[in-house]
Amino acid sequence: SETVKEVIESCRPDTVLFTGPYDTSYNWNPKIAHDTALNFIADISNILITVSALSTKHFVYISSETVFENDYITDINEDMVVSPSTYKGTAIALGEKITLYFGHTTQTETTVVRIANMCKFPSNREYDNDPVSRMCLSAVINGRLQVNAKREFSSIYINDAVDALSL
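Residues numbered from 1 in each chain as written. Predicted model: local features only at pLDDT ≥ 70, side-chain atom pairs only at ≥ 80, totals over all residues. Heavy atoms only, no water.

Student: Looking at this structure, I do not really get the sheet that holds strand E2 (residues 58–64). What am I missing?
Tutor: Within a sheet, each strand pairs with its neighbour through backbone hydrogen bonds, oriented either parallel or antiparallel. With respect to topology, 3 strands assemble into an open sheet ordered E1-E2-E3, the strand pairing being parallel. On the outer flanks of this sheet lie strand E1 (15–18) and strand E3 (109–115), each paired with one strand and no other. Going from strand to strand, the sheet's axes swing by 20 degrees on average, the running direction of each strand aside. The sheet contact formed by E2 and E3 spans 7 bridges and is parallel. Bridge pairing in E3 links His-58 to Glu-109. Contacts from helix H2 (residues 33–53) reach E1 and E2, with the element oriented near 160 degrees to E2. (Pairing = 2+ DSSP bridges. Helix = DSSP H or I, 4+ residues; strand = E, 2+ residues; numbered from the N terminus. Axes fitted to C-alpha atoms, helices over the stretch in contact; angles between N-to-C directions. Contact = heavy atoms within 4.5 Å.)

In structure tokens:
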């Protein structure tokens, strides 16, 4: 889209940050997830090509734990192969691969940062993009908090993630 080019050209940033799975403009409702995945991949490709054409120095892709949708017996580490099983997980994993491949082929500095279980205070009842919000919403609706003792994860509050990225 020409709009992306105009925005990047007008501000000439040193770094472009693509928030990917945490961008609330993507609706990952299962009924339209296929179309959302197509738009997601088209958007990241459009932005990467524009970043390269305008000689932006650095592109950062924020990814998430969604690329690991299977259950794991051991802790997930950064060297594990991704295992998406939904349109959302596949699109996010493709975003990682596209970003790294693009950086390699164009000599543009690209970085993939996988932030797992980022959470925030929900703005409305329908917001359930993170595990903590889903648990809280479930507790409000059902009157109790259900926890799976076999599943452990660490969450990071959105402000802490932003602080970590700005270092």
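Student: Which parts of the structure should I look at to understand the packing of H2 against helix H3 (residues 87–106)?
Tutor: For any two helices packed against each other, the geometry is given by the interaxial angle and the distance between the axes. For the pair H2 and H3, the least separation of the axes is 9 Å and the interaxial angle reads 15 degrees. Taken as axis vectors, H2 and H3 run roughly parallel relative to one another. Both H2 and H3 take part in a crossing whose hand is right-handed. Listed contacts from H3 to Ala-33, His-34, Ala-37, Phe-40, Ile-41, Ile-44, Ser-45, Leu-48, Ile-49 and Ser-52 of H2 are Tyr-87, Ala-91, Ile-92, Leu-94, Gly-95, Ile-98, Thr-99, Phe-102 and Thr-106. Taken together, the residues of the contact of H2 with H3 sort by class into 13 nonpolar, 6 polar and no charged. (Parallel < 35°, antiparallel > 145°, perpendicular 65-115°, else oblique. Left-handed = near helix turned anticlockwise from the far one by under 90°. Nonpolar A, V, L, I, M, F, W, Y, C, P; charged D, E, K, R; others polar.)

Student: Which parts of the structure should I look at to understand the pattern of salt bridges?
Tutor: Any two side chains of opposite charge can pair, on the condition that their charged atoms come close. Summed over the entire model, instances satisfying the criterion amount to 2 salt bridges. In this structure, Asp-14 and Lys-57 form a salt bridge, with 3.3 Å as the shortest nitrogen-oxygen distance. Of this pair, Asp-14 sits in the loop between helix H1 (2–11) and E1 while Lys-57 sits in the loop between H2 and E2, and the two are 43 residues apart along the sequence. Since its relative accessible area comes to 56%, Lys-57 is described here as exposed. A salt bridge links Glu-96 to Arg-114; the nearest nitrogen and oxygen atoms lie 2.6 Å apart. Taken together, the residues Glu-96 in helix H3 and Arg-114 in strand E3 connect sequence positions 18 residues apart. A residue is classified by how much of its surface remains accessible, and Arg-114, at 32% relative accessible area, is partly exposed. (Salt bridge = Lys/Arg side-chain N within 4 Å of Asp/Glu carboxyl O. Buried < 20%, exposed > 50% of the residue type's maximum accessible area, 1.4 Å probe, protein only.)

Interpretation note: all reported values are geometric properties and have no functional meaning in isolation.
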